[in-house]
Amino acid sequence: MASLQEIPKQQTSLPDPFSDITCGGWEISEEPRARLSLWAVSLQGKVWFREGICHHNPEGSSWEEVPLPGEVVQISCGPGDLVWAVLWEGQLIVREGIGRDCPKGTSWAVVDSPSPDVGAIHAAVGVNVVWALTKDNKVWFRRGVNSHNPCGSGWISMIGEMIMINVGLNDQVLAISCEDRAVCFRQGVTSSELSGKTWRVINVPRDGDRSHSSASASSLQSAGCYFCGEVQVQTVSSDVESDTDKASTDGANCLATSTSPESFVDAPSDQLSETPKPLIPKVTSDSFISELVSDRETGKISREVCGSAAPAVLEEGTVTEDREVRAPSGALAVSLSQSGAPLDPQWSNVDLEEAQGQQAQTGAALDSADTCSLSSVATYTLAMEDPYGADEHPLWAWVSGGGCSVDSHSQLNWFNSSMNASLLVQSVQSMSLSITPAQTAAWKRQIFEQLNERTKRELDNFRHYEQAIEQSVWMKKGTMQWWRDWKPHKWMDVHFALEQFSGPEGNKDGILFIYYNFYEEKKYLHAFINEVTILVPVLNDYKHTFAIYTPERTKQRWPIRVSAATELEMHDWLALLSVSCCDSRGIQGPPSKQAIWSITCKGDIFVSEPSPALEEMPYPTPCDQMFWRQVGGHLRMIECNSVGIVWGIGYDHTAWIYTGGYGGGFFQGLASSTDNIYTQVDVKSVYIYENHRWNPVTGYTNRGLPTDRYMWSDASGLHECTKTNTKPPSPQWTWVSDWAVDYSVSGGTDREGWQYAADFPASYHGYKTMKDFVRRRRWARKCKLATTGPWQEIPPIPLSDVSILPCAAQSSVDVVPLWAISNKGDVLCRLGVTALTPAGSSWLHVGTDQPFKSVSIGAASHVWAIARDGSAFYRGSVSSQDPAGDCWYHIPSPSKQKLKQVSVGRTSVYTVDENSNLWYRQGVTPSYPQGSAWEHISNNVRKVSIGPLDQVWIIADKVQGSRSLSCGTVCHRLGVQPKEPKGQSWDYGIGGGWDHVTVRGNSMEPPRLPSLTELSAQM
C-alpha cells in the first residue's frame, strides 16, 4: 500500500462523522475477488453502506443510508454474508437477505441481548461465528450461526471478561481482557469447535520495550502474523503477474491500539532520519481494505514471522494446538541489519502523514524494488496526555485481526518465552563444547554404579519388613464454572481437578476437587469418586452443564452443578469421571441381565446393578446409595427381563432392541465397546400454546387479563413460549419442520385447532359454548437428534408401549412372550422372541373393540391392558400354546378415575390413573386373576414398574428436597412381602428429572434371615 488516501467527498456531505466502520463480504458465494462490503456507523446512530467497492475502485463510489429499527452504536461485518450491529438499547440486529445481487441486504432481524438484564455493547462477526460482549464485560458465543440462519439459535456464556473482541479469518478470535487490558487469543478454534477452548494472553512487545530485543533472532519458527522475519524482494513484474500473486495470498493483517502514545526506539539510523509527529487517526474495525489497494504495488514481500511471549492463561491451560499464519502481500517492508538478522519483533506506531515519508526511506533498504505496503500490524495512539514512565506499559484498548489468517493445524509461539529458550540453548552449547563424548560416557557409568550401591545399602536392612502399599497417582485439571450452593446462587469460576490413584492389587479410587474463592479466601469442595452415585448431563441453550450426585446430595435433591466452556469439554469430563466411578466400584463391560434401567426426561439412559440386599428385610440397601451409569442412545421408555432381553421405544415411536454393547454417544475408547454400537436417530415434537380471551367488543383476542397466562405459553401457562424464542430441547436437537397447528389434542379441536373452556386453566373441549370465555390452540414443531448406542431398530410398526414376561432367576422359558401397543392403539403380540433372537420374528395382531394405550404381562402369562378411554381389561386364556389368548374381560376402573398405565408382577397388579394416583388390585389369585377391588396406595405417581418378585418401583412427583419439591424421582417401595404385597413406605432415590424406570429384570432373591425356630435349634 503506497499511502492511506482520503475517500472523495460527495457533493452532499454526510450529516455526521463516523464512529465505527467495518468491511467484509469478499467471500459471498460466487462473488468476484476484491468485491467488498463496507459498513459505517455515524455519531447519530445511523448506518451507511459504501457502494461500488471493487478491486479496481477500492474507494467506492457513494454512501447510501440503510434504514434501521433503532440507533446503532457498533457494527461488524464478516468475510461472508454475516452483518451484526448493536443497538443503543443493548439489543442486536442482524442483516438478512445479503447475497451477490443484494450486497447490502433487505431487512433487519432483532436478536435479544445474551443477558436479559444487561445489554450488549459489542459484536464481532466471522465466517460462521458471532461473539458478543455485554455491559458487564461478559463474553458470549452465538450458537448455530451460518449463511442459512444468520440469527443463530442461542447464546452460550464463555469464561472470561473482555472490553473488546474481534474475529479474524478462519474465525480466530482476539480480545482485550478487562482485568489487565492484555491482548488475548482464543485457543482451540477449529471448524468443528468454533467456540474454542481457552483464552491465552499474547506477549506483545512494544516500541521501547528493550527486554525483547535479544529474543527476536531465536524465534524464527513462530507463527505470529505481526512479527518481523526474512524479507524476499520480488523484481518488477507485469500487472497480470502481480494480480495473480495477490489472488493466491491470504491477508494477514492484525491491528492493535494502545491507550497511550509510543515513540519509535531502536530504529536504524539509515532507515528513519527523524521522528514523525504523532497524529490521532480514525480507528476502524477491520483492516482488509489495505489489500484492496495493493494492486498499485509491484513488489511482493513474503515473510516467516517470529515472536516471543510469556505464558499467561485466563482459563486452564491445554495442549497448544498447531496453527499456521500466512503473511500477506501487503506486509511491512522490514530493513535488515548488516549481519542479516531480523529486527526486534516490536509493534510500531503508524501515522497517516508519515506513511509516504517512511515508505521512501524503507525503499532504500530493498535495492531497486518498488515500495511496499504498510505493516500488517500497527498500534494507534488514542490519548496524548499523561505519558507513561520508562518502566510502565500502556493499556491496550483495541485490537483487530480482520486479516490475520491462522491455520488451526500449525503451532503458535506467541505464548512462549523465546528469550529464555535462547539463553538455555546458549548455555547448553557452551557447556557441550567443554565435554567430550568419552567423558560423558565415563560420568554416566560412574553415576549408575553409585546409584546401585546406594540402593543395595539402603534396602538390604529392610528386606524382612513387609512391603508397604504402593500407589500410582494421576491427576487431571481444568477450569469450569460452579453453581454456588449458598445464596445468592450464581455461577462462579472455579478450578476443577480429578485425582485418581491405584493400589498394588489394581483397585482404583479418586477424589474430585472444586477450588473456589470466598471473600478472597481460597477454599475447596471435594467428593470421593466411590461415593458418586450418578453423573447427569444437563444441556441447555446457555451452559454445557452436568450434575454430580452423592448419597447425601441425592437426599437433598441438590447436586453439584458444574459447567464446561464447550460441549466437547463437558463430554470429555463426563466420560473420564464415568470410567473413574466404574473403576472404583469394579464395574466393567455391559449391564447385567438383572440390571435396573431408567430414563430421564431428556431421553438419557441410565442403568444400575442391583445388590441382593436391595430387597432385604428389614434393612434393605438405601435407594440413594445406588450407582447409576449412563448408556449411549436416546429413548422414551424401556422394558427388560432377567433373560437379558431389553426393548426400548423412542420419542418417534420407533422400536429398538438392545445389542449387548455398552457406551456409545460421547463415550469413546475404553468407555465404550468396539462392536454392537449403531447409529440411532430420534424425532420428537415441541409444543407451545396460543391463548385467547373473549371480550364483548372484538370477540376472542390475544389481549388477556392482567392475571391471565401468557398469550403464547407452555402447557402450564407459567412460561412464555413464542415461535421465535422457543428452542429445541438441547443443542443436540435440530429443527426439521416448521410450526404447525396440532389437531391431535386430548379433548378434540374445532376446524382451526382451537379448544374452548370457561377459564384458564380448565377442562378443554373442541366446541364453543356460551360459557366459554377462553380458548387455546396447540402448535407443534419437530426436531431431530442423531447419536450412537448399543441399539438396533426393529421395523416397521411404530409402538407406544411394550411389555416382556418377567422371568424368574431359574426360569426355563424358551420363547419369551412379548406384548406391545402400536401408536394407533392396536394390541400386538411378538412371536419368536428368545434369548438368542431377542428381536423376534413377526407380529400377531390381537383384536380389540377400541384403541389401547398400555399393556403389561406378568407371571403365568397374565395380561392386563388399559384402553384410551381409561378402562382396564384382562386377557383370558393366554398360554404358550395360545400366545394371543381368546377374549378380553372388562375390569371396572376406580371410582371417577381414568387409568393410564398398568404393570403386572408375579402376583401383584398396580395401575396409575390420569390424576397420578397409584392403585393396587386386591384379590388377585391363580384361580381368579381378575381380582376383586382397587385399593389406593399413593398419589403424585407418574409411572410404576412391578418386578418378577413383586418389587414396586415408581417415578414420583413432588418429592420434598432440602430446598424445594422435586419432580421425577425414582422411588422404591419398602416392606413388600408375599404376605404384605402392598408394602409399608417409600424409599426415595435419584431425582428429579426422571421419566421412566423398569425393575422387571431384577429377579435376585434377597438373603433370607433365619427364623426363631432355626436360631433356637442352633443354640
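Placed above this text is the structure.
Given the structure is predicted, the values throughout are model-derived calculations rather than measurements.

Asks: Looking at this model, I keep getting lost on the sheet that holds strand β26 (residues 521-528). Mind explaining?
Replies: Where strands meet in a sheet, backbone hydrogen bonds hold them as pairs that are either parallel or antiparallel. Within the open sheet, the seven strands sit side by side as β26-β25-β24-β23-β29-β28-β27. Their pairing is antiparallel. Both outer strands of the open sheet, β26 and β27 (534-539), are each paired with one neighbouring strand and no more. Neighbouring strand axes in the sheet, compared pairwise and without regard to direction, differ in orientation by 35 degrees on average. Here two bridges tie strand β23 (residues 472-483) to strand β29 (residues 560-564), and the two strands are oriented antiparallel to one another. Bridging across to β29, W482 finds its partner in V562. Packing against the sheet, helix α7 (residues 567-585) makes contact with β23, β24 (491-502), β25 (508-518), β27, β28 (544-549) and β29, and its axis sits at approximately 35 degrees to β24.

Asks: Please explain the pattern of salt bridges as it appears in this structure.
Replies: Between side chains of opposite charge, a pair can form as their charged atoms come close. Summed over all chains, the structure comprises 15 salt bridges. Of the charged contacts, one joins K104 and E51 as a salt bridge, the two residues approaching to 3.5 Å between their closest N and O atoms. Of this pair, K104 sits in the loop between β7 (92-96) and β8 (107-111) while E51 is found in strand β3 (residues 47-51), placing the two residues 53 residues apart along the sequence. Relative accessible area serves as the criterion here: at 23%, K104 is assigned to the partly exposed category. Here R553 and D485 are joined by a salt bridge, their closest N and O atoms 2.8 Å apart. Here D485 lies in the loop between β23 and β24 and R553 lies in helix α6 (residues 551-556), a separation of 68 residues in the sequence. Per residue, the accessibility class of R553 equals that of D485, and both read buried. Salt bridges sharing partners connect three or more residues here, namely R942, K943, D957 and D995.

Asks: Would you mind going over the packing of aromatic side chains with me for this structure?
Replies: Aromatic ring pairs are defined here through the distance separating the ring centres and the angle between the ring planes. Under the definition given, this model contains 33 aromatic pairs. Relative to W155, the ring of W84 lies with its centre 6.0 Å away and its plane at 80 degrees, an arrangement referred to as edge-to-face. Of this pair, W84 sits in strand β6 (residues 83-87) while W155 sits in strand β12 (residues 154-167); the two residues are 71 residues apart in sequence, bridging distant segments of the chain. Exposure remark for W155: the relative accessible area of 4% places this residue in the buried category. Pairing F852 with F873 gives two aromatic rings, centres 5.3 Å apart and planes at 35 degrees, and the pair type is tilted.

What counts and how
Residues numbered from 1 in each chain as written. Predicted model: local features only at pLDDT ≥ 70, side-chain atom pairs only at ≥ 80, totals over all residues. Heavy atoms only, no water. Pairing = 2+ DSSP bridges. Helix = DSSP H or I, 4+ residues; strand = E, 2+ residues; numbered from the N terminus. Axes fitted to C-alpha atoms, helices over the stretch in contact; angles between N-to-C directions. Contact = heavy atoms within 4.5 Å. Salt bridge = Lys/Arg side-chain N within 4 Å of Asp/Glu carboxyl O. Buried < 20%, exposed > 50% of the residue type's maximum accessible area, 1.4 Å probe, protein only. Phe/Tyr/Trp six-rings, centres within 6.5 Å; stacked < 30°, edge-to-face > 60°.

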